[in-house]
Amino acid sequence: MTKKLNIGLIGYGFMGRTHSNAYSQVNHFFDVPYEPVLQVVCGLEEKVAKNFAGQWGYKSYTTDWHKVIEDDKIDQVDICVPNNMHAEIAIAAAKAGKNIICEKPLALNGPQAETMVEAIEKAGVANLVSFNYRRVPAVTLAKMLIDEGRLGKIFHYRANFLQDWTISADVPQGGMATWRLDVKAAGSGVTGDLLAHCIDTAMWHNGQIDSVCAMTETFVKKRKHVETGKVEDVGIDDACTFICRFGNESLGNFESTRYARGHKALYTFEINGENASIAWDLHDLHRLSYFDHSDESIVRGWRSVHITDGDMPYMDKWWVPGLQIGYEHTFIHQIADFLENLAEGKPASPSFREALATQYVCDAVLASAKDKEWKTVKKT
Ligand SMILES: NC(=O)c1ccc[n+]([C@@H]2O[C@H](COP(=O)([O-])OP(=O)(O)OC[C@H]3O[C@@H](n4cnc5c(N)ncnc54)[C@H](O)[C@@H]3O)[C@@H](O)[C@H]2O)c1
């Protein structure tokens, strides 16, 4: 018997669509004990909210997020709005006793994220932050291989997240389409938007990051602001590169930019251990590259493992061996795991507290770039 779980979604943009799709699909593929019911969607424009509700099957719509929180029917609040709104909504939802799924980055900065962690832990509500790349089967398999000790001692972790969509100085900042370029809405640039993903995955794979040394650049220093109509200073980092030391003594090397012409969303990582190495590329997300030094030398080389067999993470729930899945499935996996944990009374991962650790790394990266010195990362 599945129990109904009433969902209130706040934000009908890019992530609102991926989460709605996940709620709609999860029971078709996963044997989870809950059935999400799309009760209400909230967004800024009434007409768009109404259309979205019709298209995805939400029973109602609103333009006031408080109504979602106040609605006793709603069991779970799903936060898919710009970063500067996460804290207020999550804290209100926690006080109202709702389960909370919040998009990343958790908050604008560490101190704000601390208030969120305090609120959800005090309320004791189920919570999850949507670092969905953990749920790409190849990325999950990398975690399994590391945990099995196949890599041996890890020496290096390097990750990149490269885009090219803000090179033109004509791209404005602020407003609904370009809130990511407005520091007041986003908190930071590529550090919180893109590197936060790489940091979350890296710490999941390789443990705590202890210290960082970073540089950032804002290549276009003034942009027109959509809301004021004035040309204003740009407060976000357009590009960020940092090196770091992990708690296990391995060295990290991370880069993100929105100025890498030719790259739309090139998220890659490579991990080098004593016995083996792993590499992954979002553009080819259903493959994991693996090099095992114990192979016989005449056939030793990088293998490109096609992640489609039923014994690979999540893949027994999908098609048949040889047929791959894609980006949207990571959100379905996330919801499936969340519902499974909810039924068993177990915490979901990454929790708000785990996302606070990522936020602390982001804060240390930005502080290091500003002060031009190594920074120690605060511990949760
Ligand atoms: N997990 C990922 O890979 C991933 C990818 C993209 C975005 N995100 C995160 O998801 C969040 C949303 O990003 P997006 O790309 O979906 O943004 P988006 O611009 O596509 O959508 C934002 C939504 O917020 C709504 N909104 C804004 N102000 C509001 C208000 N006052 N009341 C109600 N609704 C309001 C808008 O109507 C819109 O529906 C951000 O935190 C972002 O960092 C995560």
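A short tour of the structure in this document, coming up. (Residues numbered from 1 in each chain as written. Predicted model: local features only at pLDDT ≥ 70, side-chain atom pairs only at ≥ 80, totals over all residues. Heavy atoms only, no water.)

The next thing to look at is the overall build of the protein. The helix and strand tally for the protein stands at 10 helices and 17 strands. The globule rule puts the C-alpha radius of gyration for 380 residues at 21 Å, and the 21 Å found for the protein is close to it. Expressed as a percentage of the 380 residues in the protein, the buried residues total 55%. Looking at the protein alone, contacts between residues at least 24 apart form 68% of all its contacts between residues at least 6 apart. A total of about 16700 Å² of accessible surface is found on the protein, and carbon and sulfur atoms cover 52% of it. Placing the 40 positive and 49 negative side-chain charges of the protein at their respective mean positions leaves the two points 4 Å apart. (Helix = DSSP H or I, 4+ residues; strand = E, 2+ residues; numbered from the N terminus. Rg over C-alpha atoms; globule rule 2.2 N^0.38 Å. Buried < 20%, exposed > 50% of the residue type's maximum accessible area, 1.4 Å probe, protein only. Contact = heavy atoms within 4.5 Å. Areas by Shrake-Rupley, 256 points an atom, 1.4 Å probe, with all protein chains shown as cover. Lys, Arg positive; Asp, Glu negative; His and termini not counted. Charge placed at Lys NZ, Arg CZ, Asp CG, Glu CD.)

Here we take up the sheet that holds strand 11 (residues 239-246). One open sheet accounts for 9 strands, arranged 16-15-14-13-7-12-11-8-17; its pairing is mixed. Where the open sheet ends on each side, the last strands, each with one partner, are strand 16 (303-306) and strand 17 (375-376). Where strand 8 (residues 209-217) lies against strand 11, 8 bridges are found, and the strand directions are antiparallel. Its bridge partner lying in strand 11, M215 is registered against T241. Strand contacts of helix 10 (residues 352-371): strand 8, strand 11 and strand 17, with the helix running at about 50° to strand 8, the strand carrying the most contacts. (Pairing = 2+ DSSP bridges. Axes fitted to C-alpha atoms, helices over the stretch in contact; angles between N-to-C directions.)

Our next topic: empty space enclosed by the protein. This structure, assessed with the given rule, holds 1 cavity of 30 Å³ or more. Approximately 50 Å³ is the volume attributed to the largest cavity. Lining the largest cavity are V136, P137, A138, L285, H286, I307, I325, G326 and T330. (1 Å grid on protein atoms, 1.4 Å probe; cavity = no way out; pocket = protein on both sides within 12 Å on 5 of 7 lines; lining within 4 Å. Points joined across faces, edges and corners; volume = space filled by probe spheres on them.)

Tracing the backbone through its elements, the reader meets T201 in helix 8 (residues 190-206). Relative accessible area serves as the criterion here: at 1%, T201 is assigned to the buried category. Among the polar contacts listed, one links the side chain of T201 to the backbone oxygen of H197, at a separation of 3.0 Å. If we skip the residues at most four places from it in the chain, T201 touches Y133, V139, Y157, Y267 and F269. (Polar contact = N/O pair within 3.5 Å; in protein donor to acceptor, adjacent residues only side chain to side chain.)

Now for the side chain of H286. Counting through the fold element by element, H286 comes out in the loop between strand 14 (276-281) and strand 15 (287-292). For H286, a relative accessible area of 14% gives the class buried. For H286, the contacting residues outside a window of four places in its chain are V305, H306, I307, Q324 and I325.

It is worth spelling out the sheet that holds strand 1 (residues 3-10) at this point. Within a sheet, neighbouring strands are paired by backbone hydrogen bonds and run either parallel or antiparallel to one another. One open sheet holds the 6 strands; their spatial order is 3-2-1-4-5-6, and the pairing between them is parallel. Edge positions in the sheet fall to strand 3 (60-62) and strand 6 (127-130), since each of these pairs with one other strand and no more. Direction aside, neighbouring strands of the sheet carry axes that sit 25° apart on average. Bridge analysis of strand 4 (residues 76-79) against strand 5 (residues 99-103) gives 4 bridges, and the strand direction is parallel. Across the sheet, the residue bridging to I79 is C102, located in strand 5.

Near the ligand lie 24 residues; those nearest to it are Y12, M15, N83, K104 and R180. The backbone of Y12 places a nitrogen or oxygen atom 2.8 Å from an oxygen atom of the ligand. Backbone polar atom of S130 to a nitrogen atom of the ligand: 3.2 Å apart, as the coordinates give it. For the ligand, the protein covers 90% of the area, taking 850 Å² as the surface of the free molecule. According to the grid-proximity analysis, the pocket containing the ligand is the largest pocket. (Near = heavy atom within 4 Å. Sits in = over half its atoms within 2 Å of the grid points.)

A word on the packing of helix 4 (residues 86-95) against helix 5 (residues 110-123). Two elements in contact, helix 4 and helix 5, have axes whose closest approach is 9 Å; the angle formed by their N-to-C orientations is 10°. With respect to each other, helix 4 and helix 5 are oriented roughly parallel. Two packed elements cross with a definite hand, and for helix 4 against helix 5 that hand is left-handed. Between helix 4, through H86, A87, A90, I91 and A94, and helix 5, the contact on the second element is made entirely by Q112, T115, M116, A119, I120 and A123. (Parallel < 35°, antiparallel > 145°, perpendicular 65-115°, else oblique. Left-handed = near helix turned anticlockwise from the far one by under 90°.)

So, about the pattern of salt bridges. If you walk through the whole model with that rule in mind, you get 23 salt bridges. Here K73 makes a salt bridge to D71, at a shortest N to O gap of 3.6 Å. For K73, a relative accessible area of 47% puts it in the partly exposed group. Between D371 and K375 there is a salt bridge whose closest N-O contact spans 2.8 Å. A residue is classified by how much of its surface remains accessible, and D371, at 37% relative accessible area, is partly exposed. (Salt bridge = Lys/Arg side-chain N within 4 Å of Asp/Glu carboxyl O.)

Bringing the layout of surface pockets into the picture now. Taking a probe equal in size to a water molecule and rolling it over the atoms shows the remaining empty space. Taken as a whole, the largest pocket holds about 1100 Å³ of empty space. Lining the largest pocket are 45 residues; nearest its centre among them are F14, C80, P82, W179 and R180. Among the secondary structure elements, those contributing two or more residues to the lining of the largest pocket are helix 1 (14-29), helix 7 (183-186) and helix 8. A per-element tally of the lining of the largest pocket places helix 8 first, with 3 residues.

In this section: unusual backbone geometry. Cis geometry is adopted by the peptide bond preceding P105, which originates at K104 and carries an omega value of -15°. With respect to the helices and strands, the residue P105 is situated in the loop between strand 5 and helix 5. Although it is not a glycine, E249 adopts a positive phi angle of roughly 80°. In this structure, E249 sits in the loop between strand 11 and strand 12 (251-257). For E249, a relative accessible area of 62% translates into the label exposed.

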